[in-house]
Amino acid sequence: MGGLFALTSAKDVQEDIFFGTDYHSHLGNYRAGLVVWDSEMGFQREIHNIQRDSFRSRFANFLQGSRGQSGIGCIADDAPSPLIISSHLGTYAICFVGAITNSAQLRGELLREKGVLFNAHSQGRINPTEILSALINMKDSFEEGIVYAQSKIEGSCNLAILLADGSLIVGRDKHGRLPMIIGRDDDGHAVSFESFSFEKLGYRYVSELGPHEVAKVTPQGVEQLIPPREEMKICSFLWNYYGYPTSTYENVNVEIMRNRNGEILAKNETDQTLFERLDYVCGVPDSGTPHAMGYAFESKVKFARCYIKYTPTWSRSFLPHLQGSRNEIAKMKQVPIKELINAKNILFVDDSIVRGTQLRETVEFLKENGAQEVHMRSACPPMMYTCKFLNFSVSTSENDLITRRIIQQLEGPEGLEHIEEYADQHTERGKRLREVLAEQFNFDSVEFQSLEGIVEAIGLNPNSLCTYCWSGKE
């Protein structure tokens, strides 16, 4: 995943651009970049790898030396961004958030048919932001170019362009898979992935761009260039996992959704006598915690933090590319409160169950610290498909998903024809999937939120939500 932040103002705002971008660091990616524009100095840019250092430490010197009334910042996947482009449309800076899943095809078309040249990275990879800018430059205006690029791109694309006069052009993905939110203060406007990022800086919420909407933003106002489409497919996992708790998207706050999701999960528990045996409900930190709080509230079982995640010097465990490093970091971060674990019956709520590797580490860790019964609940439905629209985590093969591995273990490849049954806790196949998961990971029980439950928790029209990773339906 990644996040972007943009500002244009009548005053110097380099500090706001710095802090607004930094507020997207929780999305946990590999590179970050800033471009600041000043009426006298023009564009000033810096890009850094932030795998081993915080955004703030890497960009502190740039903050001290830069000056500007406009700018864009990006927490990106491992391709450098923002880029500064010179074309017949003028000189501009550009960044985007999303995934161009047909980048190889587009690269070939642009090389063969249009004669576009690209900077090649290691193994011949092309920066997807270059592909995006090349598509935009095919047309005679930014409006036409963005519409053309969105029509060609498979995946998703939220973008921000900083022009040579300090104004911004911003566009939301054609299906609205990610948010694009506008705020303002007395001197200018901010555009952001995370609503709280500009609110913390004193900007007031104005509106959200609709799917496919494009706008020009100046210190004085927001001009709609391309109207929004009605159809939206915003990512449901945004609320369930990677969105920040203090943010609100489409008028639905992340923390409130997670609390409500946990309540629904407990309300639909098939064996309500389980609540009488439990000592505590605990969330797998951090994103599982608000789901667990909702579960505890509904079940009337005491909430506790049975272990704490040590984060000051450990980055998010999905960052390292190597699975071994991921597992070791996840294990090192788990610090137990033994008095809350030893001889206790505990139900844990996690945001999701994906590969299952860290799940094994968690239950072994709890048993080593004396847990008597350990029950696991996933705050989302069984993950049956890998996302084909976004890069919110390290790319995963569908064969790495623990659910698919168990299905193939039980029935071979033919079992994948019955995915809908395996996802449903009420079918014989669904019950068997949960039994095998519990057996393999030494849990006393395992259950998942239903698709209907998570849609209810979000509260938007189901047709406006993307649930592809659970349902396989676009």
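An unreviewed UniProt entry lists the chain under the name Amidophosphoribosyltransferase, from Arcanobacterium phocisimile. The Sequence similarities (unreviewed entry) comment attached to the chain in UniProt states, word for word, "In the C-terminal section; belongs to the purine/pyrimidine phosphoribosyltransferase family." According to its UniProt record, the chain has this under Catalytic activity (unreviewed entry): "5-phospho-beta-D-ribosylamine + L-glutamate + diphosphate = 5-phospho-alpha-D-ribose 1-diphosphate + L-glutamine + H2O".

Caption draft 1: Structural context of the packing of aromatic side chains. Going through the model one piece at a time under the given rule, you end up with 15 aromatic pairs. Ring geometry for F193 and Y249: centres 6.4 Å apart, planes at 80°, overall edge-to-face. In this pair, F193 is assigned in the loop between β10 (188–192) and α6 (195–199) and Y249 in strand β15 (residues 248–249), connecting sequence segments 56 residues apart. Overall, F193 belongs to the buried group, its relative accessible area being 1%. Their ring planes at 50° and their centres at 5.5 Å tell us that F237 and Y241 sit as a pair that is tilted. Note that F237 and Y241 are positioned in helix α7 (residues 237–242) at a spacing of four residues, about one turn of the helix. Comparing F237 with Y241 shows no difference in burial state: the two are buried. For the cation-ring pair, R177 lies above F389, with the distance from its terminal atom to the ring centre recorded as 3.6 Å.

Caption draft 2: Focus on the nonpolar core. By size, the foremost hydrophobic cluster in this structure holds 102 residues, and its most contacted members are I72, V170, W239, Y242, F348 and F443. Discounting chain neighbours no more than four positions away, the residues touching W239 are I234, Y249, V252, N253, V254, M257, R258, I458, L460 and L465.

Caption draft 3: Examining the environment of D186 more closely. Tracing the backbone through its elements, the reader meets D186 in the loop between β9 (181–184) and β10. Here the alpha-carbon distance between D186 and F59, two residues 127 residues apart in the chain, equals 27 Å.

Caption draft 4: Region of interest: the sheet that holds strand β4 (residues 70–76). Strand order in the open sheet made by the seven strands is β3-β2-β4-β1-β10-β9-β11, with antiparallel pairing throughout. Two strands lie at the open edges of the sheet, namely β3 (42–49) and β11 (204–208), each paired on one side alone. Here the strands of the sheet are splayed against their neighbours by 15° on average, with no regard to which way each runs. In this sheet, β11 lies alongside β9 in antiparallel orientation, the contact comprising four bridges. Following the sheet pairing, I182 is matched in β11 by S207. Sitting on the sheet, helix α2 (residues 55–65) is in contact with β2 (31–38), β3 and β4, with an inclination near 160° to β3.

Rules used in this analysis
- Residues numbered from 1 in each chain as written.
- Predicted model: local features only at pLDDT ≥ 70, side-chain atom pairs only at ≥ 80, totals over all residues.
- Heavy atoms only, no water.
- UniProt positions renumbered as here; feature names shortened; annotations may be inferred.
- Phe/Tyr/Trp six-rings, centres within 6.5 Å; stacked < 30°, edge-to-face > 60°.
- Helix = DSSP H or I, 4+ residues; strand = E, 2+ residues; numbered from the N terminus.
- Buried < 20%, exposed > 50% of the residue type's maximum accessible area, 1.4 Å probe, protein only.
- Lys NZ or Arg CZ within 6 Å of the ring centre and 35° of its normal.
- Core = buried A, V, L, I, M, F, W, Y, C linked by side-chain atoms within 4.5 Å.
- Contact = heavy atoms within 4.5 Å.
- Pairing = 2+ DSSP bridges.
- Axes fitted to C-alpha atoms, helices over the stretch in contact; angles between N-to-C directions.

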